[in-house]
Amino acid sequence: MNIFKKTIFSVLASLLIIGNVYASDKIRIGTEGAYPPWNSKDASGKLIGFEVELAYSLCRYIGRQCEVVEQDWDGMIPALQMRKFDAIMAGMSITDERKKVITFSQGYADEVASLAVMKGSSLEGIDTPAGIGLSSPNGDAKKALKTITAALAGKTVCTQTGTIHQNFLESGDVGKVNVRTYKTQDEVNLDLASGRCDVALAAAVAFTDYADKSGKSVVLVGPTFSGGAFGNGVGVGLRQASQLGGTLGARDAELLNAFNKAINQARKDGVISRLAIKHFGFDASM
């Protein structure tokens, strides 16, 4: 009798979970709120930016309500795994390293990276191609990396911690670099402007956005970077369904499929392009 009761309770509990998973209209999406123009906050503390608007658009395509919540960057993936929210939209590039612990939707926007200095820096005018790809670097890319290696020797390069930019600087592709890391991109920008950094590395639009809003004379130098350590665009991060199995795993698999379909439709309808042009000043959609 006890075994029978336990079985009934187990079935009822499973049905309750299934009801919560599939009946709920709300999808919780984590974002940093400190990486403009991808995501940030206005003067009242409201979350704004390209990804915040895109998140609500994708949820409308999916047919569910959306709640975008703030999460510190360095705790983003652990918070997702602890089910504090259902998905990440935080300028997170799709990399092989991250795919070991989470799943990504297809990419929705490209995030080319760039070095930046203050106007008058000796690093202005580095002679390199306009952009280089690092997935399979050609001769020009390899030559550019040597030029950058020489330019960064003895310099302090600032970047946000736990990012593809830090990974690149510590990869050895540009030699041994004196890297200084910060919790947020805002802190990187402030120390670059104050002279505590010789040069900084981040998404190119993070610097141009800061320059436009602050009036500081920030200058992009060298090539833009993509591929390799910089990943393959930015996508929605989700839990790996295979790690959980059961009802919760099925829900995560359902969300991955739903986001991929929504991104496809948003791309076809021109939504991603319009939001990218609005926030970046150019079409960064993928």
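Residues numbered from 1 in each chain as written. Predicted model: local features only at pLDDT ≥ 70, side-chain atom pairs only at ≥ 80, totals over all residues. Heavy atoms only, no water.

Student: Before we move on, could you go through the layout of surface pockets and cite the residues and values that matter?
Tutor: Left-over empty space is what a probe sized like a water molecule reveals as it rolls over the atoms. Within this model, the largest pocket holds a volume of roughly 200 Å³. Lining the largest pocket are 14 residues, with Trp73, Ile77, Met92, Arg98 and Gly162 positioned closest to its centre. Taken together, the elements giving at least two residues each to the lining of the largest pocket come down to helix H3 (76-81) and helix H5 (164-169). The element that contributes the greatest number of residues to the lining of the largest pocket is H3, accounting for three residues. When its residues are assigned to classes, the lining of the largest pocket shows six nonpolar, five polar and three charged. (1 Å grid on protein atoms, 1.4 Å probe; cavity = no way out; pocket = protein on both sides within 12 Å on 5 of 7 lines; lining within 4 Å. Points joined across faces, edges and corners; volume = space filled by probe spheres on them. Helix = DSSP H or I, 4+ residues; strand = E, 2+ residues; numbered from the N terminus. Nonpolar A, V, L, I, M, F, W, Y, C, P; charged D, E, K, R; others polar.)

Student: An account of the sheet that holds strand S7 (residues 113-118) is requested, with residue identities and associated values reported.
Tutor: Taken in spatial order, the six strands line up as S8-S12-S7-S11-S9-S10 in an open sheet, and their pairing is mixed. The open sheet is flanked by strand S8 (131-133) and strand S10 (178-182), the only strands paired with a single partner. For this sheet, the mean angle separating the axes of adjacent strands, direction not counted, is 30 degrees. In the sheet, strand S9 (residues 156-160) pairs with strand S11 (residues 199-203) via two bridges, with the strands oriented parallel. Each residue of the ladder has a partner; that of cysteine 158, found in S11, is alanine 200. Of the strands in this sheet, S7, S11 and strand S12 (218-226) touch helix H7 (residues 204-214), which is tilted by about 110 degrees from S11. (Pairing = 2+ DSSP bridges. Axes fitted to C-alpha atoms, helices over the stretch in contact; angles between N-to-C directions. Contact = heavy atoms within 4.5 Å.)

Student: Quick one: what's the story with the packing of aromatic side chains, residue by residue and with numbers?
Tutor: Centre-to-centre distance and the angle between the planes together describe a pair of aromatic rings. Under the defined criterion, the tally for this structure stands at eight aromatic pairs. When the ring of phenylalanine 50 is compared with that of tyrosine 108, the centres are 6.4 Å apart and the planes differ by 50 degrees; the resulting orientation is tilted. Taken as a pair, phenylalanine 50 in helix H2 (residues 50-62) and tyrosine 108 in strand S6 (residues 103-109) lie far apart in primary sequence, 58 residues in all. Considered together, phenylalanine 50 and tyrosine 108 belong to a single accessibility category, that of buried residues. Here phenylalanine 168 and phenylalanine 230 contribute two aromatic rings whose centre-to-centre distance is 4.8 Å and whose plane-to-plane angle is 40 degrees, an arrangement assigned as tilted. Highlighted residues: phenylalanine 168 in helix H5 and phenylalanine 230 in the loop between S12 and strand S13 (234-238), separated in sequence by 62 residues. Across this residue pair, the class does not change: phenylalanine 168 and phenylalanine 230 are buried. Grouped by ring-pair contacts, the aromatic residues Trp38, Phe50, Tyr108, Phe280 and Phe282 constitute a single cluster. (Phe/Tyr/Trp six-rings, centres within 6.5 Å; stacked < 30°, edge-to-face > 60°. Buried < 20%, exposed > 50% of the residue type's maximum accessible area, 1.4 Å probe, protein only.)

Student: I'd like a description of the pairing of strand S1 (residues 26-31), backed by residues and values.
Tutor: Along any regular strand, the residues point their side chains to alternate faces of the sheet. Across six bridges, the pairing between S1 and strand S4 (residues 65-70) is parallel. Bridging across to S4, glycine 30 finds its partner in valine 69. Sheet topology places S1 next to strand S5 (residues 87-88); two bridges connect them, and they run parallel. Across the sheet, the residue bridging to glycine 30 is isoleucine 88, located in S5.

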